[in-house]
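The lines below spell out each chain.
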Amino acid sequence: MPDFDLVILGAGPAGTAAAMQARTLGLSVALVDKALFPRQKLCGGLVTGRCAAHLSDIFGMQITADLFETRRNFEFYLKDQSLGDLQDVPPLHLTMRWDFDHHLLKQALAAGAADYTGHRIEALDFKANTVALANGETLTYKLLIAADGVQSPTAKALFGKPFSQHTIGFALEIEGPAQAPTEATPIRIDFAAADWGYGWSFPKKHSTTIGLGGLHARNPEMKSHLAAYLAKLGTGEDAKVKGHFLPFGAPKPTPGKGTVLLAGDAAGLVDPITGEGIGHAIHSGALAARAAKTALDQGDASRALPLYTTATKPIRRAIAQARMLRPLIFARPLQPFFARTFAASTTLKRDYMHLLSGDTEYPALLRRTALRLPRAALRYLSAAASGN
Ligand SMILES: Cc1cc2nc3c(=O)[nH]c(=O)nc-3n(C[C@H](O)[C@H](O)[C@H](O)COP(=O)(O)OP(=O)(O)OC[C@H]3O[C@@H](n4cnc5c(N)ncnc54)[C@H](O)[C@@H]3O)c2cc1C
């Protein structure tokens, strides 16, 4: 029976980062995914500055033209109202997950992870520390890192369900026709294009990725919202629509159980304002591998989860702070105030961009926003925070 320090389930950004980091630290790793790569993953493919820093730290990877297109201009809308634009913001990068994830996987395999992609999982035995594959092979592990996405079968096996229906997000996306973009072509964000959500148009060389996402429970009509959004943009109406859940700001307080660590979407690590998940996936995957290494060096695999829970606390705190701010952008009663303030304030727009670039984190943004808020909006926010 092949025996590994770590079996990692899922070879998306979280799983490959965990594998890469674990190999760098000298652990033996099996990387399992039901898909053969390259594979499709529904995603806007916006890579923030924060994410680029993690790619550099963990994969030693730079932003290069073969995988990324850099954009520096943004335009913002709320419903039909323009909230203005921003030129020359810190660079953001667009990629296609088909190529990006395949590239990360190749790096993790080149670093020595054993390749179990294209293998379906038959059974997980958390007591015996084994993963049975559909081809009859059984892998044993000291620690399991589950990076198996938002619908994580591992989280389901551990907790009965992978996510809560109340907090889960849902997004629809299409690949529309390319519009011959240049570096100056703006990325477009439409706040409130869905209820408690937003729309995006990411102009790429070979297509324009257009999507709409928001809280699932509040958007039973997401398809018609997307149709209206595409009609407004005047493009992509005939393209094939695909949908996927995203854990919109609802991280698991303890990201795992026993000798199982959950990373990335499986741990619920997506920012509920910006929708950023790739950066947190890479970061959490690497943190899981580091916690595993420390625990195994101490000869006590059960230490990994407490270490990992502590290490990922800043990510969960940032997501919690984003949830506190979220009503300001998405709650209907506050939208006129948000539209006025955001449209009038270049500083606020720049703050939003610095948040994406990783130059600002939520605590600073929260402080600055609180200073600008009228008392009624503050009261609304604190009431929403208690029920949010
Ligand atoms: C429409 C949409 C747009 C988005 N846009 C952006 C964006 O622009 N920028 C951004 O930062 N984030 C974005 N996100 C979020 C981002 O896609 C995720 O946060 C990110 O992919 C999480 O990475 P992950 O490795 O945790 O999971 P995934 O990328 O989902 O990878 C999970 C892997 O697990 C595998 N798997 C699943 N089940 C099993 C199983 N039983 N056995 C073995 N393997 C299994 C899957 O095949 C998959 O390869 C978007 C999400 C959606 C839905």
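Residues numbered from 1 in each chain as written. Predicted model: local features only at pLDDT ≥ 70, side-chain atom pairs only at ≥ 80, totals over all residues. Heavy atoms only, no water.

**Details of the site of the ligand**
Taken together, 34 residues lie around the ligand, and Asp33, Gly44, Leu46, Arg97 and Asp265 are the ones closest in. Ala14 has a polar backbone atom sitting 2.9 Å from an oxygen atom of the ligand. Backbone polar atom of Gly45 to an oxygen atom of the ligand: 3.2 Å apart, as the coordinates give it. In isolation the ligand exposes 1,000 Å². Once the protein is present, 92% of that is buried. The residue inventory of the shell around the ligand, partitioned by class, reads 16 nonpolar, 9 polar and 9 charged. Two domains each put at least three residues into the shell around the ligand: domain 1 (3-45 + 96-165 + 249-311) and domain 2 (74-88 + 169-245). (Near = heavy atom within 4 Å. Polar contact = N/O pair within 3.5 Å; in protein donor to acceptor, adjacent residues only side chain to side chain. Areas by Shrake-Rupley, 256 points an atom, 1.4 Å probe, with all protein chains shown as cover. Nonpolar A, V, L, I, M, F, W, Y, C, P; charged D, E, K, R; others polar. Domains from an automatic or database assignment.)

**Topic: the state of the cysteines**
In total, this model carries 0 disulfides according to the counting rule given. There is no disulfide at Cys43, and the cysteine sulfur nearest it, in Cys51, is 9.4 Å away. (Disulfide = S-S within 2.5 Å.)

**Some remarks on helix α7 (residues 304-311)**
When we look at burial in α7, the residues that qualify are Ala304, Leu305, Tyr308 and Thr309. Projection of α7 onto a plane perpendicular to its axis shows the buried side chains occupying an angular sector of 130°, all on one side. (Buried < 20%, exposed > 50% of the residue type's maximum accessible area, 1.4 Å probe, protein only. Helix = DSSP H or I, 4+ residues; strand = E, 2+ residues; numbered from the N terminus. Arc of directions from axis to C-beta.)

**Quick word on the nonpolar core**
Membership of the largest hydrophobic core comes to 52 residues, with the highest contact counts inside it found for Leu6, Val7, Ile8, Leu31, Leu139, Ile145 and Tyr308. Examining the composition of this core, we find that 8 residues originate from one element, helix α6 (residues 278-297), more than from any other. Counting residues in each nonpolar core, the second largest holds 44 residues, with Ile273, Leu328, Ala331 and Phe342 among its members. (Core = buried A, V, L, I, M, F, W, Y, C linked by side-chain atoms within 4.5 Å.)

**Notes on the pairing of strand β13 (residues 187-191)**
Summarising burial for β13: 5 of the 5 residues are buried, a large majority. As defined by bridge partners, strand β5 (residues 74-78) adjoins β13 across 5 bridges and the pair is classed as parallel. Counted as the bridge partner of Phe74 is Ile187 from β13. Counted along the chain from β13 to the antiparallel partner strand β14 (residues 197-203), the turn is 5 residues long, and its residue Ala192 has a positive phi close to 65°. (Pairing = 2+ DSSP bridges.)

**Some remarks on the sheet that holds β14**
Reading across from one edge, β6-β5-β13-β14-β15-β12-β16 is the order of the 7 strands in this open sheet, with mixed pairing throughout. Edge strands, defined here as strands with exactly one partner in the open sheet, are β6 (81-86) and β16 (242-246). In this sheet, adjacent strand axes meet at a mean angle of 20° when their direction is disregarded. Relative to strand β15 (residues 208-215), β14 runs antiparallel, the two sharing 7 bridges. By the bridge assignment for β15, Ser201 is matched with Ile210. (Axes fitted to C-alpha atoms, helices over the stretch in contact; angles between N-to-C directions.)

**Focus: the environment of Ala134**
Position of Ala134 among the secondary structure elements: in the loop between β10 (130-133) and β11 (138-146). Between the alpha carbons of Ala134 and Gly249 there is a distance of 34 Å; along the sequence they are 115 residues apart. Beyond its immediate chain neighbours, meaning those up to four positions away, Ala134 contacts Arg120 and Glu122. (Contact = heavy atoms within 4.5 Å.)

**Notes on the environment of Thr154**
Of note, Thr154 is situated in helix α4 (residues 153-159). Given a relative accessible area of 0%, Thr154 falls into the buried group. Placed 102 residues apart in sequence, Thr154 and Gly256 show a C-alpha to C-alpha distance of 9.4 Å. In contact with Thr154, other than residues within four places in its own chain, are Leu9, Leu124, Phe126, Leu144, Ala146, Asp148, Val260 and Leu262. Only 2.5 Å separates the side chain of Thr154 from the side chain of Asp148, close enough to count as a polar contact.

**Remarks on the domain arrangement of the protein chain**
Partitioning the protein chain into domains gives domain 1 (3-45 + 96-165 + 249-311), domain 2 (74-88 + 169-245) and domain 3 (327-387). Taking the mean C-alpha position of each, domain 1 and domain 2 sit 30 Å from one another. Between domain 1 and domain 2, the residue contacts involve 13 residues of the former and 15 residues of the latter. Regarding the contact of domain 1 and domain 2, the summed buried area is about 1,100 Å², with carbon and sulfur atoms giving 61% of it. In terms of surface lost to domain 2, no three residues of domain 1 exceed Leu42, Gly44 and Met96, which account for 47% of the buried area on that side. Between the two partners, domain 1 and domain 2, sit 0 salt bridges. The tally of links from domain 1 across to domain 2 stands at 4 residue pairs in polar contact (both at pLDDT 80 or more). (Buried area = accessible area lost by both parts, 1.4 Å probe. Salt bridge = Lys/Arg side-chain N within 4 Å of Asp/Glu carboxyl O.)

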